[in-house]
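Here are the chains, one letter per residue:
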Amino acid sequence: MFLKNSRNSVGIRPPAFRRNIFRLKSPAWFAIAGALAAASATPLLVIMSYLFSPQQEIWSHLTENVLGGLIFNTAILLACILPLTAIAGVGLGWLTGACDFPGRKFFSWALVLPFAIPPYVFAFVYLGIFDFTGPVQSLIRSIFPSAGFIDIRNGLGVSTILSLAFYPYVYLMSRSAFMTQGRTALEAARTLGHSPAKAFFKVALPMARPFIAAGLVLVCMETLADFGAVSIFNYDTFTTAIYKAWFGMFSLASAAQLSSVLGIIVLVALVTEQKMRSRMRFTEAGRPNNTERLKLSGPWKWVAFSSCALMFFMAFALPCFKLIMWGLESIDSDLSRYLEYGLNTFLLGLVGATLTIAAALALAFVKRNDAGPLMNWATRLATLGYALPGTVLAVGIFIPAAWLDNTVVGGLKDLGFNATPFIQGSLGLMIAAYCIRFLAAGFGSVDSAIQRITPSIGEAARTLGATGTALLGRIYIPMLRKGLLTGAILVLVDIMKEMPITLMMRPFGWDTLAVKIYEYTSEGEWELAATPAVALILVGLIPVLLLTKQMDK
């Protein structure tokens, strides 16, 4: 009776629930989710197929001359970076999350700012600082005239630089863990006779272990995926070897074989990270309260202040200061080109972010309307691209695209048409790679926003006759506006900073800020690379500030 009266009162045809595409188990939304999952899974399946059907000559060459060195270099990186980021991230997370000392409020968010600096920018800034004519080497020679050149282009040097870029992953996770522990557990340990240091190692640290492990797995995945920093240091890893195999040896098959090995390693890290996250529990051992922080006194409060200040100086203030100085020296020489590179970068980011958020919105609706096991797996597959290194994803996308391109061109020629390849090396294929790579970043924000909309709102709108595009446009999108904007900004910034996909898949002559940084740093032109680097850092600060704003809530 109520429905009948409602329909008559608004004069709208009764909603056809069976035809409603937003209804559960709609074939249209199944198709969209399946297409997105297939697009993300295809590159991985293509790469893995090379692992199970190796070309014997290529595989023999790789195992005899390449793989040993790559595995050794990668192992050195992980063996150095994981302990360094653990010590820095856990120590700083403990100080800002559980202790109170002068400057704690400032450092709690300022220590996240290194997230805004791409690792390859860290790499060339510190290479410039430690260059033969740089300030450090010059100072050492002025004090010790007989001192030789200290070369940081080695495993330890690149590990230290990458640790400065990646420690915020462990810092954020451990700080969150220490903040949710409360002080009750520590006070219980103190009543049992433990000193503050012993209470930290016996109680607080074991309780935070799943968070710290999850942060370290993220560091591991970022280390495996890094291309820019290791290439600037001329330190061969899987990512640089894949690039050299493709563009140096012109052997796409060798690049695919190397990508399959790296893909296996990354998948192992991804599964480990998922297991670590499943073990995390947010149960609070006592009520967290800012007034319950452990107040440091005497020299310890200045030790804490100095530790935080040193990391902030090394990981943010010094690189930014050096870039600004270099930028001021070189900005007049190539300003018009920088504007062109900046416009190319922004256009790519804008188009890529728009398409990615549209896909993320569709995927979030699918998940909301049907949260069954099939849709959950489709969602996981569709967001898998974020875990794959850019070099692996580029190879995995280019191979099927080239096959499709050649097939279409061959078919057209058989019919008498004069055709040339139009898919490989196109902007459309590169933007598709961006969408697959960063769909997870946009989906997370949109999905969080859509989960806050109660189901009763959608049902009420349908009862009043709002279905299809009217329901989407008049009800959901206005309520999701903030989540859509946040997701679009995150994807936009990620695309603007992205280097390996752009470098390997861009059309001829289409350069971006990240590509020019790579080209300038390859020639040792640190000053010319500074201006585009400053632009990328300013853009990268946007999501970092959004993140710190969420942390303060």
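Residues numbered from 1 in each chain as written. Predicted model: local features only at pLDDT ≥ 70, side-chain atom pairs only at ≥ 80, totals over all residues. Heavy atoms only, no water.

Caption draft 1: Region of interest: the overall build of the chain. Within the chain, the secondary structure is distributed over 24 helices and two strands. By the burial criterion, 51% of the 553 residues in the chain qualify as buried. For the chain, restricting intrachain contacts to residue pairs at least 6 apart in sequence, the fraction spanning at least 24 positions comes to 82%. With an accessible surface of roughly 26,400 Å², the chain has 66% of that area assigned to carbon and sulfur atoms. (Helix = DSSP H or I, 4+ residues; strand = E, 2+ residues; numbered from the N terminus. Buried < 20%, exposed > 50% of the residue type's maximum accessible area, 1.4 Å probe, protein only. Contact = heavy atoms within 4.5 Å. Areas by Shrake-Rupley, 256 points an atom, 1.4 Å probe, with all protein chains shown as cover.)

Caption draft 2: Expanded view of the side chain of Asp511. Along the chain, the position of Asp511 falls in the loop between helix 22 (500-505) and helix 23 (513-522). Here Arg506 takes part through its side chain, which lies 3.1 Å from a polar atom of the side chain of Asp511. (Polar contact = N/O pair within 3.5 Å; in protein donor to acceptor, adjacent residues only side chain to side chain.)

Caption draft 3: Inspection of the confidence of the model for the chain at higher detail. Across the chain, pLDDT averages 83, with 89% of residues at or above 70. The lowest-confidence element of the chain is helix 1 (residues 2-10), averaging 41 in pLDDT; the highest-confidence one is helix 14 (residues 299-330), averaging 93. Taken together, the stretch residues 1-24 has pLDDT below 50 and engages in 27 contacts with residues farther than four places along the chain or on a different chain. (pLDDT = per-residue confidence, 0-100.)

Caption draft 4: Spatial organisation of the packing of aromatic side chains. Tallying each qualifying case throughout the model produces 23 aromatic pairs. Here Phe106 and Phe107 contribute two aromatic rings whose centre-to-centre distance is 5.2 Å and whose plane-to-plane angle is 65°, an arrangement assigned as edge-to-face. Centre to centre, the rings of Phe107 and Phe305 are 5.6 Å apart; their planes meet at 70°, and the pair counts as edge-to-face. Of this pair, Phe107 sits in helix 4 (residues 104-110) while Phe305 sits in helix 14, and the two are 198 residues apart along the sequence. On the basis of relative accessibility, which here comes to 30%, the residue Phe305 falls in the partly exposed class. (Phe/Tyr/Trp six-rings, centres within 6.5 Å; stacked < 30°, edge-to-face > 60°.)

Caption draft 5: Quick peek at a nonpolar patch on the surface. Where nonpolar side chains cluster on the molecular surface, the patch consists of Phe321, Ile324, Met325 and Leu328 and spans about 390 Å² of accessible area. By the element assignment, Met325 lies in helix 14. The class of Met325 is partly exposed, set by a relative accessible area of 32%. (Patch = residues over 30% accessible without salt bridge, like charges linked within 9 Å, V, L, I, M, F, W, Y side chains within 5 Å. Salt bridge = Lys/Arg side-chain N within 4 Å of Asp/Glu carboxyl O.)

Caption draft 6: Looking closely at the nonpolar core. Formed by 150 residues in total, the largest nonpolar core has its most connected members in Trp94, Leu111, Val121, Phe124, Leu323, Val395 and Met505. Among the nonpolar cores identified, the runner-up in size contains 28 residues, and Ala359, Ala362, Leu439 and Leu484 belong to it. (Core = buried A, V, L, I, M, F, W, Y, C linked by side-chain atoms within 4.5 Å.)

Caption draft 7: Quick peek at helix 16 (residues 373-382). Within the span of helix 16, buried status applies to Met375, Ala378, Thr379 and Ala382. Seen along its axis, helix 16 keeps its buried residues to an arc of 100°; they face one direction. Turned more than 90 degrees from where helix 16 packs its buried face, Pro373, Trp377 and Arg380 sit exposed. Lining the buried residues of helix 16 we find helix 2 (27-52), helix 15 (335-369) and helix 18 (427-451). (Arc of directions from axis to C-beta.)

Caption draft 8: The packing of helix 5 (residues 119-129) against helix 14, seen in detail. Two elements in contact, helix 5 and helix 14, have axes separated by 10 Å at closest approach and are oriented at 70°. Judged on the interaxial angle alone, helix 14 and helix 5 are roughly perpendicular. Where helix 5 abuts helix 14, its residues Val121, Phe122, Phe124, Val125, Tyr126, Gly128 and Ile129 lie against Met314, Ala315, Leu318, Pro319, Lys322, Leu323 and Trp326. (Axes fitted to C-alpha atoms, helices over the stretch in contact; angles between N-to-C directions. Parallel < 35°, antiparallel > 145°, perpendicular 65-115°, else oblique.)

Caption draft 9: Representation of the side chain of Thr391 in the model. Its place among the elements puts Thr391 in helix 17 (residues 390-414). Not counting the four nearest positions on each side in its chain, Thr391 is found in contact with Phe227, Thr239, Ile242, Pro500 and Met504.

Caption draft 10: Geometry of the environment of Pro102. With respect to the helices, strands and loops of the structure, Pro102 is situated in the loop between strand 1 (99-100) and helix 4. The class for Pro102 is partly exposed, based on a relative accessible area of 31%. With 194 residues separating them in the primary sequence, Pro102 and Leu296 have C-alpha atoms 9.2 Å apart. In this structure Pro102 touches Lys301, Trp302 and Phe305, once residues within four positions along its chain are discounted.

Caption draft 11: Here's a closer look at the pattern of salt bridges. All told, the structure shown has seven salt bridges when counted by the stated rule. The shortest N-O distance in the salt bridge between Asp100 and Lys295 comes to 3.1 Å. Of this pair, Asp100 sits in strand 1 while Lys295 sits in strand 2 (residues 294-295); the two residues are 195 residues apart in sequence, bridging distant segments of the chain. Glu519 is the partner of Arg506 in a salt bridge, and the nearest nitrogen-oxygen pair spans 3.5 Å. In this pair, Arg506 sits in the loop between helix 22 and helix 23 while Glu519 sits in helix 23, placing the two residues 13 residues apart along the sequence. What makes Glu519 partly exposed here is its relative accessible area of 26%.

Caption draft 12: Just unusual backbone geometry, in detail. Phi is positive for Asn234, close to 55°, though the residue is something other than glycine. Of the residues examined, Asn234 reaches a relative accessible area of 62% and is grouped as exposed.

Caption draft 13: Up close: the packing of helix 3 (residues 56-98) against helix 10 (residues 209-225). Packing of helix 3 against helix 10 brings their axes to within 10 Å, and their N-to-C directions diverge by 140°. With respect to their mutual orientation, helix 3 and helix 10 come out oblique. Crossing of helix 3 over helix 10 shows right-handed handedness. Touching Thr74, Leu77, Leu78, Ile81, Leu82, Thr85, Ala86 and Val90 of helix 3 are Ile212, Leu216, Val219, Cys220, Thr223 and Leu224, all from helix 10. In the contact of helix 3 with helix 10, the residues fall into eleven nonpolar, three polar and no charged. (Left-handed = near helix turned anticlockwise from the far one by under 90°. Nonpolar A, V, L, I, M, F, W, Y, C, P; charged D, E, K, R; others polar.)

Caption draft 14: Quick look at helix 21 (residues 481-497). For helix 21, spanning 17 residues, the distance from its first C-alpha to its last is 25 Å, which sits close to the expected 24 Å at 1.5 Å a residue. All of the buried residues in helix 21 are Gly483, Leu484, Gly487, Val491, Leu492, Val493, Asp494, Ile495, Met496 and Lys497. (Expected span 1.5 Å × (residues − 1).)

Caption draft 15: Molecular detail of the environment of Pro532. Secondary-structure assignment places Pro532 in helix 24 (residues 526-552). Residues Pro532 and Tyr338, spaced 194 residues apart in sequence, show a C-alpha to C-alpha distance of 6.9 Å. Beyond its immediate sequence surroundings of up to four residues, Pro532 is in contact with Tyr338, Leu513 and Ile517.

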